[in-house]
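In case you want the letters, here they are:
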Amino acid sequence: MKIAILTSGILPIPAVQGGAVENLVDFYLEYNERHRLHDITVYSVWHPAIEHHPALQSEVNHYRYVKMDTPWAKMKKRLHKWTHAEGYYHYTIDYFLNEVVKDIRKQAYDTIILENRPGFALRLKDVTTAKLVYHLHNEKLTFQVPQAKAIYEAADRIICVSDYIKHCVLSITFDTSKTVTVHNGIDMNTFRSEERREGKEGEKFTLLYSGRLTAEKGILQLIEALNMLKDKVNIQLLVIGSSFYGNASQEYDFTKILKAKAEPLQDRITFTGFVPYEQMPNYLRQADVAVIPSVWDDPFPTTVLEAQAMGLPIITTRRGGIPEEVTEKNAILLHTDEHFVDNLAAAILNLYQHPEKRKAMSQAGLERAKLFDKETYARNFYKALEL
C-alpha cells in the first residue's frame, strides 16, 4: 500500500526535537522499515538536525520537508495569512498543509494518515481519492469542534490512542464502525527495569514528576501535598520538565506560583528543567515513586507507561485515558475532587511508610508494562489501517 503521513506541522520527523506524537510516528516507521509492509512518504517540517539522520536512508520510508523558518518561508506564511482567512488551524499550520497539498496533488496514494490534525481532511477530501485515516492523540474531534460532522464524514478510519478519545469522537455519532482504539507504546529497551533498592522509612525517599509545568498537569497540587508532609524531611521531589505550549506570559506566571509554593521546601524540591528523552531512564532510576497528578482528561500519557516499565509504583488520577494504562495493583488512582490534595498527600505517605507495598506494586507494574511495548503498538496500528 502507498501511504502518506501528514504530521502536525510543528515538530519534525524523525523526532529530533522530541514530542510524544513524533516519537510514536517514529516507532511505526521503524516497524515498517524492518518488515517492509508499505511504501510510506512522511510530510514534515524541516529541522537542521535531520540532515544526516540515518532514517533518511530507508528504502521504504521516504521524507519530504517543508521549510518553515527561512526568510522566504516566513514571508510566504504571512502572505498565506492575508490571503487565506478561512483556514482551519493557525495560519502557520494551514501554510504547512498548503505546501504539502501541492505535492499530494501529483501523487496517487492509497491512504493518507493525518497525525492529530483531522481538520486537514476538509482540504484533502477535494484534492485526493486516497482513504483518509485520522490518528487522534488528543480531543481534536468532538461534537464541539468546528465542522465536526463534515470532518467525521470525510474519514475512512479513526484511530484513537485511548477509549477515552474514542468516546470523544462518538459524541458526534452513534456509529462505531469507523473508530478503533490503538494504545500507545514505548521502547522497552530504553525504559527497562533494573534491580531496585527497597528503601526503608527514615531513608531518602524520592518522588518523581515528569511533564510540562502547566496547571492541567497537577504539579501545583503535588507541591501543595508535599507541603502537607513537611515534617517528613526525607521525602523529596524531582520535577522534570518545563513549559512548552500556550501563552508565554501565563506560563511564566504559573512558574512563579510554583516556585513560591516550593519555597518552604526548597532544599527538598529540585527543578531540572527540560531533559532530553534519551536521558529520562537515568532520572527514573533515581526515584522511589512516580507521581502523575493530571487534573485534566489526559488522553494517554506515555509518562505513565515509562514509569510503569521502570518498575515504579505510580500515584495518578482517574482522568482521561490514564485508567486504561494501569491497574489498582500497580497504581494508586485518585479522584480530582475537593479532597484531591489531601488524598495525594495520604497516598505519598502510604507508600513512604510501606516499602513492601511498593515492591508488590513494582512487580505488578512490570507485568502490566508488557502490554505496551512499541512492537505491539506498531503491529496494532498497521492492522487498524486494513480498511
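Everything here concerns the structure above.
First, a word on scope: everything that follows refers to the structure included in this document. Source: prediction; values computed, not measured. (Residues numbered from 1 in each chain as written. Predicted model: local features only at pLDDT ≥ 70, side-chain atom pairs only at ≥ 80, totals over all residues. Heavy atoms only, no water.)

### Here we look at the pattern of salt bridges
Stage number 1. For the coordinates displayed, the defined rule picks out 14 salt bridges.
Stage number 2. For the salt bridge of Arg36 with Glu59, the shortest nitrogen-to-oxygen distance reads 3.5 Å. Placement of Arg36 in the loop between helix 1 (20–35) and strand 2 (39–45) and of Glu59 in the loop between strand 2 and strand 3 (61–66) is noted, with a sequence separation of 23 residues between them.
Stage number 3. Residue classification places Arg36 among the partly exposed positions, given a relative accessible area of 46%.
Stage number 4. On the basis of relative accessible area, Glu59 is assigned to the exposed category, the value being 58%. (Salt bridge = Lys/Arg side-chain N within 4 Å of Asp/Glu carboxyl O. Helix = DSSP H or I, 4+ residues; strand = E, 2+ residues; numbered from the N terminus. Buried < 20%, exposed > 50% of the residue type's maximum accessible area, 1.4 Å probe, protein only.)

### A word on the pairing of strand 4 (residues 111–115)
Stage number 1. For strand 4, the buried fraction is high: 5 of the 5 residues fall into the buried class.
Stage number 2. Judged by which residues are buried, strand 4 turns out to be covered on both faces: Thr111, Ile113 and Glu115 on one side and Ile112 and Leu114 on the other are all buried.
Stage number 3. Pairing of strand 1 (residues 2–6) with strand 4, which is carried by 4 bridges, proceeds in the parallel orientation. Residue pairing across strands places Ile5 opposite Ile113, the latter belonging to strand 4.
Stage number 4. Two elements, strand 4 and strand 5 (residues 131–136), share 5 bridges in a ladder whose sense is parallel. Counterpart to Ile113 in the pairing with strand 5 is Val133. (Pairing = 2+ DSSP bridges.)

### Regarding the sheet that holds strand 7 (residues 179–181)
Backbone hydrogen bonds hold the strands of a sheet together, and the pairing may be parallel or antiparallel.
Stage number 1. Ordered by their spatial adjacency, 7 strands build an open sheet running 3-2-1-4-5-6-7, and the pairing between neighbours is parallel. Edge positions in the sheet fall to strand 3 and strand 7, since each has one partner strand and no second. Within the sheet, the average angular offset between the axes of one strand and its neighbour, ignoring direction, is 20°.
Stage number 2. Where strand 2 meets strand 3, 6 bridges bridge the pair, whose relative direction is parallel. Bridge assignment links Ser44 to a residue of strand 3, and that residue is Tyr65.
Stage number 3. Contacting strand 1, strand 2, strand 3 and strand 4, helix 3 (residues 91–104) runs over the sheet at an angle of about 150° to strand 2.
Stage number 4. Against the sheet, helix 14 (residues 374–384) makes contact with strand 2, strand 4, strand 5, strand 6 (157–160) and strand 7, and its axis sits at roughly 160° relative to strand 6, the strand it touches most. (Axes fitted to C-alpha atoms, helices over the stretch in contact; angles between N-to-C directions. Contact = heavy atoms within 4.5 Å.)

### Comments concerning the sheet that holds strand 13 (residues 331–334)
Stage number 1. Strand order in this open sheet of 6 strands is 10-9-8-11-12-13, and the pairing throughout is parallel. Each of the sheet's edge strands pairs with one partner strand only, and the pair in question is strand 10 (269–273) and strand 13. Adjacent strand axes in the sheet meet at a mean angle of 20°, parallel and antiparallel pairs treated alike.
Stage number 2. Pairing of strand 8 (residues 205–210) with strand 11 (residues 289–292), which is carried by 2 bridges, proceeds in the parallel orientation. What sits directly across from Leu207, in strand 11, is Val289.
Stage number 3. Along the sheet face, helix 13 (residues 355–369) touches strand 8, strand 11, strand 12 (314–317) and strand 13 and points at about 95° away from the line of strand 13.

### With respect to helix 12 (residues 340–353)
Residue pairs three or four apart in sequence face the same way in an α-helix, which turns once every 3.6 residues.
Stage number 1. Under the 1.5 Å per step criterion, the end-to-end length of helix 12 is 20 Å for 14 residues, consistent within 8% with the ideal 20 Å.
Stage number 2. Those residues of helix 12 that fall on the buried side of the exposure criterion are Phe340, Val341, Leu344, Ala345, Ala347, Ile348, Leu351 and Tyr352. Projected down its long axis, helix 12 carries its buried residues within an arc of 160°, all on one side. (Expected span 1.5 Å × (residues − 1). Arc of directions from axis to C-beta.)

### Re unusual backbone geometry
Stage number 1. In the segment running from Ile13 into Pro14, the intervening peptide bond is cis, with an omega of -5°.
Stage number 2. With respect to the helices and strands, Pro14 occurs in the loop between strand 1 and helix 1.
Stage number 3. Its identity as a non-glycine residue notwithstanding, Arg36 has a phi of 50°, on the positive side.
Stage number 4. In the Ramachandran plot, Gln147 falls in the positive-phi region, its phi being about 60° despite a non-glycine side chain.
Stage number 5. If you trace the backbone, Gln147 turns up in the loop between strand 5 and helix 5 (148–154).

### Quick word on the packing of helix 7 (residues 219–228) against helix 12
The packing of two helices is summarised by the inter-axis angle and the distance between the axes.
Stage number 1. Axis separation between helix 7 and helix 12 bottoms out at 8 Å; the angle between their running directions is 60°. In terms of orientation, helix 7 and helix 12 fall into the oblique class. The element helix 7 and its partner helix 12 pack so that their crossing is right-handed. Taken together, the residues of helix 12 that come into contact with helix 7 (itself represented by Gln221, Leu222, Glu224, Ala225 and Met228) are Phe340, Val341, Asp342, Leu344, Ala345 and Ile348.
Stage number 2. Considered class by class, the residues forming the contact of helix 7 with helix 12 number 8 nonpolar, 1 polar and 2 charged. (Parallel < 35°, antiparallel > 145°, perpendicular 65-115°, else oblique. Left-handed = near helix turned anticlockwise from the far one by under 90°. Nonpolar A, V, L, I, M, F, W, Y, C, P; charged D, E, K, R; others polar.)

### A few points about the pairing of strand 12
Stage number 1. Covered by surrounding structure in strand 12 are Ile314 and Thr316 together with Ile315 and Thr317, the residues of both alternating faces.
Stage number 2. Here strand 11 runs beside strand 12; their pairing, made up of 3 bridges, is parallel. Directly across from Val291, in strand 12, lies its bridge partner Ile315.
Stage number 3. In this fold, the crossover linking strand 11 to strand 12 by way of helix 10 (residues 302–309) has right-handed handedness.
Stage number 4. The pairing of strand 12 with strand 13 spans 4 bridges and is parallel. Bridge pairing in strand 13 links Ile315 to Ile332. (Right-handed = clockwise from strand over helix to strand, strands pointing away.)

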